[in-house]
Amino acid sequence: MKTILTGDRPTGKLHLGHYFGSLENRVKMQYDYDTYILIADVQALTDNFNNPEKVRENVRELALDYLSVGIDPKQSHIYIQSLVPQTAELTVYFSNLVSVPRLFRNPTTKFELTQKQELFGNTGESITYGFLGYPVSQAADIATVNGNIVPVGEDQLPHIEQAREIVRKFNNIYGDTFNEPEAVLSDNPRIKGLDGSEKMSKSLNNCIYLSDDDETITKKVMTAVTDPNKIRKDDPANPEVCMVYYYHKLIKNPNISTVCTECRNGERGCVFCKKELARNIIEFLKPIQERRKYYEERPEEIERILKEGTEATRKKAEEIMKRVRENMKLNYFDE
Ligand code: TRP
Ligand code: SF4
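Just so it is clear, the structure is predicted and the values come from calculations on it, not from any experiment.

*Asks:* Just checking my understanding: could you explain the nonpolar core for this structure?
*Replies:* Among soluble globular proteins, nonpolar side chains are generally buried collectively. If you look at the biggest cluster of nonpolar residues, it comprises 49 residues, and the most contacted ones within it are Leu16, Tyr66, Tyr247 and Ile281. When residues of this core are sorted by domain, at least three fall in each of domain 1 (3–191 + 299–327) and domain 2 (214–291). Residue contacts for tyrosine 66: discarding those within four places in its chain leaves Gly7, Asp8, Leu14, Leu23, Arg26, Ile37, Leu38, Ile39, Ile71 and Ile78.

If you want it as structure tokens, here you go:
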């Protein structure tokens, strides 16, 4: 059976972009793979080392989000990255296998650097070793469970490519040890924001969170960007440029062709159309929010799930690391 390794940083609540970008895929795939889902607290600290409370609080939030979307603890090991120290060990060995210029060329790292510079006016002086190197530790996350398959959103592709290079180099030097991991994208690897921007993202303030209540969802949907040429409710419009239509499609409104025809014929007002969308999103999130409520009321169950998931991951990681130490001639007392 092939192995899935994937996860997120615990830095905030998950939203519809995460759901359609990757979570939905992970939920489906967990039944056919040995699945490990990491809560990347160590990686979250690379950006939040001066705010450990934030990371700590969000570990439980992320676990709640995972469980509420249907990551099934009987199928998947949900674990906390810092409690699998084998990853840290492998990160050190991997760090010899990647050059500093290559790390600077990683497109996602580059993008994050410009973002930081815009936000904080950072100069090169404040780029930490931890930030630049986090893709190396991400490669180690995947390799410590010998992962084959990594279901992620589009922004993670450069990291998976980098992981493949590192693993290939390791295998060449020390002998065949790891699988080369493959990224798996969803049908919609990047979900647009309600405001029409290219990405639903916390920092752009254009998200519907999986935990938003009905009123919040309705309010947010009412602000969505529609066809700017439609002024009156019986003006014909073009649904293809409308975010409301985009979301109707995304959550698979069974009446999608009616929405389209009525919009094109000027037989549908935008307010009506938005209200319908809000109702559908609320309906769609209902089972997710019911599961959330179940777990919110049972914090001891979440704790048990995380403990067991972490234990199982550590066990697998130690098996793999034994092989790594052997292949690297570091198995001093094992013979
Ligand atoms: N980089 C991912 C994020 O930003 C989190 C992550 C850490 C990850 N290690 C991983 C994802 C390994 C996939 C595989 O959320
Ligand atoms: Fe968009 Fe619906 Fe208005 Fe058409 S009627 S522009 S699909 S909100």
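*Asks:* How should the site of ligand 2 be read in this particular structure?
*Replies:* Near ligand 2 you find Thr226, Asp227, Lys230, Cys242, Val244, Tyr245, Cys263, Arg268, Cys270 and Cys273, and these make up its full shell. Taking a 2 Å distance to the grid points as the criterion, the majority of the atoms of ligand 2 fall inside the largest cavity. Only helix H10 (243–250) and helix H12 (270–296) provide two or more residues apiece to the shell around ligand 2.

*Asks:* It is not clear to me how the domain arrangement of the protein should be interpreted in this structure. Could you clarify?
*Replies:* It is common to give the size of an interface as the accessible area that goes away when the parts come together. Domain annotation of the protein identifies domain 1 (3–191 + 299–327) and domain 2 (214–291). Centre-to-centre, using C-alpha coordinates, domain 1 lies 35 Å away from domain 2. In this assembly, 11 residues from domain 1 lie in contact with 10 residues from domain 2. Where domain 1 abuts domain 2, roughly 840 Å² becomes buried across the two surfaces, and 70% of that area is made up of carbon and sulfur atoms. A per-residue breakdown of the area domain 1 buries against domain 2 is headed by Leu16, Phe20 and Ser68, which together make up 55% of the total. Between the two partners, domain 1 and domain 2, sit 1 salt bridge. Notably, a salt bridge pairs lysine 252 with glutamate 24, separated by 3.9 Å at the nearest N-O pair.

*Asks:* What exactly am I supposed to notice about the layout of surface pockets here?
*Replies:* By rolling a water-sized probe across the atoms, one finds the places where empty space is left. What the second largest pocket holds in volume is close to 520 Å³. If you trace the second largest pocket, you find 24 residues lining it, with Thr91, Tyr129, Gly133, Val136 and Ser137 closest to the centre. Among the secondary structure elements, those contributing two or more residues to the lining of the second largest pocket are helix H2 (41–48), helix H4 (86–94), helix H5 (100–105) and helix H7 (129–144). Ranked by the residues each element gives to the lining of the second largest pocket, the list is headed by H7, at 8 residues. Broken down by class, the residue content of the lining of the second largest pocket amounts to 12 nonpolar, 11 polar and 1 charged.

*Asks:* Help me understand the packing of aromatic side chains in this model?
*Replies:* For any pair of aromatic rings, the description consists of the separation of the ring centres together with the inter-plane angle of the planes. For the structure shown, the criterion picks out 10 aromatic pairs. Their ring planes at 85° and their centres at 5.1 Å tell us that tyrosine 19 and phenylalanine 20 sit as a pair that is edge-to-face. Classification of phenylalanine 20 as buried rests on a relative accessible area of 2%. Between phenylalanine 94 and phenylalanine 178 the ring centres are 5.7 Å apart and the planes differ by 80°, which places this aromatic pair in the edge-to-face class. One end of the pair, phenylalanine 94, is in helix H4; the other, phenylalanine 178, is in the loop between helix H8 (157–174) and strand E5 (182–184), with 84 residues separating them in the sequence. One aromatic cluster in this structure is built from Phe94, Phe170, Tyr174 and Phe178. The ring of tyrosine 209 has lysine 13 sitting right over it, with the charged end atom 4.7 Å from the ring centre. Of note, arginine 298 hangs over the ring of tyrosine 294, and the distance from its end group to the ring centre comes to 3.9 Å.

*Asks:* Even after reading the chapter, I still don't get the side chain of aspartate 141, so can you show me in this structure?
*Replies:* Inspection of the secondary structure assignment puts aspartate 141 in helix H7. Put simply, aspartate 141 is tucked away with no salt bridge, and the nearest opposite charge, on arginine 9, sits 9.0 Å away. Of note is the side chain of aspartate 141, whose polar atom sits 3.0 Å from the side chain of glutamine 81. The residues contacting aspartate 141, other than those within four sequence positions of it, are Leu5, Leu38, Tyr79, Gln81 and Thr87.

*Asks:* Even after reading the chapter, I still don't get empty space enclosed by the protein, so can you show me in this structure?
*Replies:* Taken as a whole and judged by the stated rule, the model has 1 cavity of 30 Å³ or more. Put simply, the largest cavity is a space of about 130 Å³. For the lining of the largest cavity, the secondary-structure elements that each account for two or more residues are H10, helix H11 (256–264) and H12. A per-element tally of the lining of the largest cavity places H12 first, with 3 residues. For the lining of the largest cavity, the residue count by class is 9 nonpolar, 3 polar and 4 charged.

Criteria and cut-off values
- Residues numbered from 1 in each chain as written.
- Chains lettered and ligands numbered in written order.
- Predicted model: local features only at pLDDT ≥ 70, side-chain atom pairs only at ≥ 80, totals over all residues.
- Heavy atoms only, no water.
- Core = buried A, V, L, I, M, F, W, Y, C linked by side-chain atoms within 4.5 Å.
- Buried < 20%, exposed > 50% of the residue type's maximum accessible area, 1.4 Å probe, protein only.
- Domains from an automatic or database assignment.
- Contact = heavy atoms within 4.5 Å.
- Near = heavy atom within 4 Å.
- 1 Å grid on protein atoms, 1.4 Å probe; cavity = no way out; pocket = protein on both sides within 12 Å on 5 of 7 lines; lining within 4 Å.
- Sits in = over half its atoms within 2 Å of the grid points.
- Helix = DSSP H or I, 4+ residues; strand = E, 2+ residues; numbered from the N terminus.
- Buried area = accessible area lost by both parts, 1.4 Å probe.
- Salt bridge = Lys/Arg side-chain N within 4 Å of Asp/Glu carboxyl O.
- Points joined across faces, edges and corners; volume = space filled by probe spheres on them.
- Nonpolar A, V, L, I, M, F, W, Y, C, P; charged D, E, K, R; others polar.
- Phe/Tyr/Trp six-rings, centres within 6.5 Å; stacked < 30°, edge-to-face > 60°.
- Lys NZ or Arg CZ within 6 Å of the ring centre and 35° of its normal.
- Lys, Arg positive; Asp, Glu negative; His and termini not counted.
- Polar contact = N/O pair within 3.5 Å; in protein donor to acceptor, adjacent residues only side chain to side chain.

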